[in-house]
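Listed here are the chains, written in short residue letters.
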Amino acid sequence: MSDTFTPPERIGFIGLGKMGTPMTRNLKKAGFQLALNDVNLDLARTMGKELDAPVYEQMSDLARACKVVITMVPDGKIVRDVALGREGVPDSGLAAGFAAGSVLIDMSSSAPVGTRKLGEELAKRGIHMIDAPVSGGVRRAVSGQLAVMIGGDPKVIERCRPILAAMGTQLFEVGELGAGDAIKALNNYVSAAGLLAAAEGLVAAQRFGLDTHKALEVLNASTGKNNSTENKFAQFIMSRSFGSGFSIGLMAKDLRTALELAEQVEAPMPLGRHCVPVWNEAEKSLGANADHTEIVRVLEKLTGKELR
Ligand code: NAD
């Protein structure tokens with residue numbers, strides 16, 4: 001399979017949210033043409049004008065216009081609907097329009113088991129699928145420096161490499177279809193556990209009478225530092241901007257995926273069993289659209305004092 005997707009190949013892109021919008025801009029910058037869809041049609045039309053790209057309301061029409069389509073939507077259930085059509089609405093999915101040999105690249109953070117199942121169903125229709133979820137947040141989506149975790153047939157991945165390289169600088173081939181989704185969910189578990197542990201430590205330090213900025217400085221010069229202490233606390237939490245661009249609902253979804261995965265493969269995750277319910281409760285009390293860094297508000301509510 002040598003038919004690599006290179007510019008100016010037209011790429012279908014579904015999901016123009018906080019991540020999808022900057023990712024489409026980088027594809028355009030790399031010379032690809034685009035065709036767009038979002039359930040929010042006003043947003044899709046605005047982006048269509050900016051990127052000189054047609055907007056398709058029907059997934060099957062989008063699939064007829066492109067040999068490769070990227071999904072960047074909230075979760076794998078939506079990817080499934082987009083790919084195969086909504087229940088009771090036959091032919092409303094990409095599969096109804098794709099020519100044999102077309103490729104679906106799911107860059108959403110989806111659940112690996114669902115991804116494998118979807119891939120098998122698409123394969124029966126001659127459609128390839130790879131999973132390529134990302135890390136790095138909105139900031140690195142804008143700069144085109146995402147880390148991309150890719151699962152699937154190496155030959156198909158090779159065909160898609162120029163597309164992925166337009167959005168990310170670190171491309172990791174991690175295994176079969178679903179492997180990217182697995183390590184993505186596990187990464188977010190490790191990240192969320194680190195953020196929560198740091199918040200607990202800083203709240204306890206504050207209650208002991210320490211200055212929180214000084215305590216953070218000490219963590220960052222010591223073995224307790226992690227990505228949250230080094231980046232998220234100063235930028236999004238102490239500043240009270242809570243503007244990371246990654247919602248608590250999406251984080252909680254990833255953590256449920258990680259815990260489910262551990263259960264499916266019988267891997268011990270005792271810390272996860274305590275940590276994930278805290279995020280689920282936070283999603284309920286703060287609302288799914290709150291920023292994930294607002295998790296500290298759960299602890300602040302209990303102490304009655306902000307981490308400033
Ligand atoms: P978002 O909510 O900002 O954007 C999702 C977009 O998908 C929205 O524009 C929405 O209208 C669209 N959409 C929803 N259902 C749809 C459907 N049925 N058909 C077409 N469009 C639909 O989310 P985001 O923050 O951009 O995240 C997208 C994905 O990337 C998620 O899986 C998330 O977990 C993952 N992710 C996000 C970040 C981040 O920092 N925000 C980082 C890494 C990975």
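Right above here is the structure, for reference.
Residues numbered from 1 in each chain as written. Predicted model: local features only at pLDDT ≥ 70, side-chain atom pairs only at ≥ 80, totals over all residues. Heavy atoms only, no water.

A. Representation of the side chain of His292 in the model. Along the polypeptide, His292 turns up in the loop between α12 (270-286) and α13 (296-303). Classification of His292 as buried rests on a relative accessible area of 2%. Side chain to side chain, His292 and Ser244 meet in a polar contact 3.1 Å long. With sequence-adjacent residues up to four places away left out, His292 is seen in contact with Leu195, Lys232, Ser244, Phe246, Ser247, Ile248, Met251 and Trp279. (Helix = DSSP H or I, 4+ residues; strand = E, 2+ residues; numbered from the N terminus. Buried < 20%, exposed > 50% of the residue type's maximum accessible area, 1.4 Å probe, protein only. Polar contact = N/O pair within 3.5 Å; in protein donor to acceptor, adjacent residues only side chain to side chain. Contact = heavy atoms within 4.5 Å.)

B. A look at the site of the ligand. Close to the ligand lie 25 residues, the nearest being Met19, Asp38, Pro74, Gly245 and Lys253. The contact in question runs from an oxygen atom of the ligand to an N or O atom on the backbone of Met19, over 2.9 Å. Here the ligand has 840 Å² of accessible area as a free molecule, and 86% of this is covered by the chains. At the level of secondary structure, the elements contributing two or more residues to the shell around the ligand comprise α6 (137-143) and α11 (248-264). (Near = heavy atom within 4 Å. Areas by Shrake-Rupley, 256 points an atom, 1.4 Å probe, with all protein chains shown as cover.)

C. Molecular detail of the side chain of Ser108. Along the chain, Ser108 falls in the loop between β4 (103-106) and α5 (112-124). A relative accessible area of 1% places Ser108 in the buried class. Here the side chain of Ser108 touches Val73 through a polar contact of 3.0 Å, landing on its backbone nitrogen.

D. Up close: the pattern of salt bridges. In the structure shown here, the tally under the stated rule is 18 salt bridges. Where Glu50 meets Arg25, a salt bridge forms, and the shortest distance between an N and an O atom there is 2.7 Å. Remark: Arg25 occurs in helix α1 (residues 20-29) and Glu50 occurs in helix α2 (residues 41-51); sequence separation between them is 25 residues. By relative accessible area, which is 43% here, Glu50 ends up partly exposed. According to the relative accessible area criterion, Arg25 is partly exposed, its value standing at 36%. Among the ionic pairs, Lys214 bridges to Glu217, the shortest N-O distance being 3.9 Å. (Salt bridge = Lys/Arg side-chain N within 4 Å of Asp/Glu carboxyl O.)

E. Highlighting helix α7 (residues 154-165). With twelve residues, α7 extends 15 Å between its outermost C-alpha atoms, agreeing within 8% with the 16 Å of an ideal straight helix rising 1.5 Å per residue. Along α7, the positions that sit buried rather than exposed are Val156, Ile157, Arg159, Cys160, Ile163 and Leu164. End-on view of α7: buried residues confined to an arc of 160°, all on one side of the axis. The backbone nitrogen of Lys155 lies 2.9 Å from a side-chain oxygen of the residue at the head of α7, namely Asp153. (Expected span 1.5 Å × (residues − 1). Arc of directions from axis to C-beta.)

In short, geometric facts, not functional conclusions.
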